[in-house]
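The chain contents come next:
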Amino acid sequence: MSAVLLIEDDDRIRLSLAMALEDEGYTAHAVATAEEGLAAQRTHRADTVLIDLMLPGMDGYECIRQLRRDDDVPIVVVSARDDTHDIVAALEAGADDYVVKPVAVKELAARLRALRRRARAIAPPAATTPTTSVLAFGDLEVRPEAGEVRLRGEPVAVTRTEFRLLCELADHPGLVLSRQQLLQRVWGHEFGDERVVDVHVGRLRQKIEDETGNPRHLVTVRGLGYKLQP
């Protein structure tokens with residue numbers, strides 16, 4: 001049974017969403033503040049975190065940043081704010097996905113299942129398992145079986161979602177994948193906000209490119225999508 005940490009200050013929403021998630025088969029631990037959420041994740045680590053942005057005290061953006069410093073747990077923002085700035089800021093802080101209120105619980109549960117499947121798919125193998133598969137793009141190496149990214153031989157710290165995105169592009173070297181294709185293959189969404197893809201591509205470029213404004217590996221093909229090249 002998957003454990004979900006829900007950080008939501010509205011009592012009615014927090015209670016109803018926690019109950020709905022439990023009906024979907026999850027164990028839900030619900031708290032009202034970011035501070036409570038951080039403490040809960042340290043003591044009883046959840047498999048996924050759902051978080052509102054407008055919280056009393058520490059806001060959701062800072063909570064996401066603090067969670068992301070030492071935890072690669074999948075983070076989904078659940079917020080009434082649907083402005084591009086808010087969505088981009090939350091994703092840049094380290095969130096993996098963004099859902100706008102009011103929430104359809106069935107859709108949310110499907111997104112959580114997709115996150116869990118991706119997390120299992122990219123889990124590093126046991127130390128005794130050979131990890132010989134290397135997808136090389138010049139000085140950039142993606143090692144799907146080992147869960148590693150290396151640039152000029154040095155390890156690059158990426159989130160699970162960033163790694164899954166990079167693996168998907170590396171599996172199709174030189175081929176253009178549209179934003180919609182990436183949403184479906186990486187996030188498991190048949191339809192969704194393509195800004196999620198753009199922000200994660202931007203975050204990856206900050207980690208693997210010498211010049212983010214003139215990327216060499218992860219390039220944009222205007223009007224079509226993205227591709228990975230040597």
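Residues numbered from 1 in each chain as written. Predicted model: local features only at pLDDT ≥ 70, side-chain atom pairs only at ≥ 80, totals over all residues. Heavy atoms only, no water.

## Describing the pattern of salt bridges
The test is simple: By definition here, a salt bridge exists when the distance from a side-chain nitrogen of Lys or Arg to a carboxyl oxygen of Asp or Glu is within 4 Å. The numbering of helices and of strands both runs from the N terminus, where a helix is a DSSP run of H or I of at least 4 residues and a strand a run of E of at least 2. Partly exposed describes any residue whose relative accessible area lies between the buried limit of under 20% and the exposed limit of over 50%, with all areas from a 1.4 Å probe on protein chains only and scaled to the type maximum.
All chains considered together, the criterion is met by 23 salt bridges. Close ionic contact of Arg 111 with Glu 107 constitutes a salt bridge, the shortest N to O distance being 2.9 Å. Pair noted here: Arg 111 and Glu 107 are both in helix α5 (residues 105-121), with a separation of four residues, about one helical turn. On the basis of relative accessibility, which here comes to 39%, the residue Glu 107 falls in the partly exposed class.

## Here's the deal with the environment of Arg 42
Mapped onto the elements of the fold, Arg 42 is located in helix α2 (residues 34-43). Sequence separation of Arg 42 and Asp 71 is 29 residues, and the distance between their C-alpha atoms is 9.5 Å.

## Description of the packing of helix α7 (residues 179-187) against helix α8 (residues 195-208)
What counts here: Lines fitted to the C-alpha atoms define the axes, with helices restricted to the stretch that makes contact. Angles between their N-to-C directions range from 0 to 180 degrees. For classification purposes, angles smaller than 35 degrees are called roughly parallel, those larger than 145 roughly antiparallel, those between 65 and 115 roughly perpendicular, and all remaining angles oblique. For this analysis, residues touch if any pair of their heavy atoms sits within 4.5 Å. Only Asp, Glu, Lys and Arg are considered charged in this grouping, and only Ala, Val, Leu, Ile, Met, Phe, Trp, Tyr, Cys and Pro are considered nonpolar; every other residue, Gly among them, is considered polar.
Viewed as axis vectors pointing N to C, α7 and α8 meet at an angle of 80 degrees, and their least axial separation amounts to 9 Å. As far as their axial angle goes, α8 and α7 are roughly perpendicular. Residues Arg 179, Leu 182, Leu 183 and Trp 187 of α7 touch α8, and the partners they reach there are Val 196, Val 197, Asp 198 and His 200. In terms of residue class, the contact of α7 with α8 is made up of five nonpolar, one polar and two charged.

## A closer look at the sheet that holds strand β6 (residues 135-137)
Strand-to-strand pairing in sheets goes through backbone hydrogen bonds, with the strands running parallel or antiparallel. Note the cut-off: Pairing between two strands is assigned when DSSP locates at least 2 bridges connecting them.
Taken together, the four strands give an open sheet; going across it, the order is β6-β7-β8-β9, and neighbouring strands pair in antiparallel fashion. Each of the sheet's edge strands pairs with one partner strand only, and the pair in question is β6 and β9 (154-155). Judged from the three bridges that link them, β6 and strand β7 (residues 140-143) form a sheet pairing that is antiparallel. The residue of β7 that forms the bridge with Leu 135 is Val 142. Across the sheet, helix α6 (residues 160-170) is in contact with β6, β7 and β8 (148-151); its angle to β7 comes to roughly 105 degrees.

## Topic: helix α4 (residues 84-93)
The criterion, for reference: When we speak of the arc, we mean the arc of directions from the helix axis to the C-beta atoms. N or O atoms within 3.5 Å of each other form a polar contact, as long as, within protein, one can give a hydrogen and the other can take it, and as long as residues adjacent in sequence are counted only when both atoms are side-chain atoms.
By the burial criterion, the buried members of α4 are Asp 86, Ile 87, Ala 90, Leu 91 and Ala 93. Along the long axis of α4, the arc covered by the buried residues comes to 160 degrees, so they all point the same way. Seen from the buried face of α4, the exposed residues on the opposite side, beyond 90 degrees, are His 85 and Glu 92. Summarising the contacts, the buried residues of α4 are in contact with α3 (60-70), β4 (75-79), β5 (97-100) and α8. For α4, the N-terminal capping position is held by Asp 83, with its side-chain oxygen 2.9 Å away from the main-chain nitrogen of His 85. At the exit of α4 stands Gly 94, carrying a positive phi of roughly 130 degrees.

## Side note on α6
Along an α-helix, residues three or four positions apart point the same way, because every turn accommodates 3.6 residues. Across the eleven residues that make up α6, a large majority, ten, are buried. Residues of α6 that are buried: Thr 161, Glu 162, Phe 163, Arg 164, Leu 165, Leu 166, Cys 167, Glu 168, Leu 169 and Ala 170.

## Notes on the pairing of β4
Under the convention used in this document: For crossovers, right-handed means that the path from the first strand over the helix to the second runs clockwise, given strands pointing away from the viewer.
In terms of burial, β4 is a largely internal element, five of the five residues being buried. Here β4 shows no split at all, with Ile 75, Val 77 and Ser 79 on one side and Val 76 and Val 78 on the other all buried. With three bridges connecting them, strand β3 (residues 48-51) and β4 associate as parallel partners. The residue of β4 that forms the bridge with Val 49 is Ile 75. Traced from β3 through α3 to β4, the parallel crossover comes out right-handed. Across four bridges, β4 lies against β5 in parallel orientation. In the strand pairing of β5, Ser 79 is matched with Val 100. A crossover links β4 with its parallel partner β5, the connecting element being α4, and its sense is right-handed.

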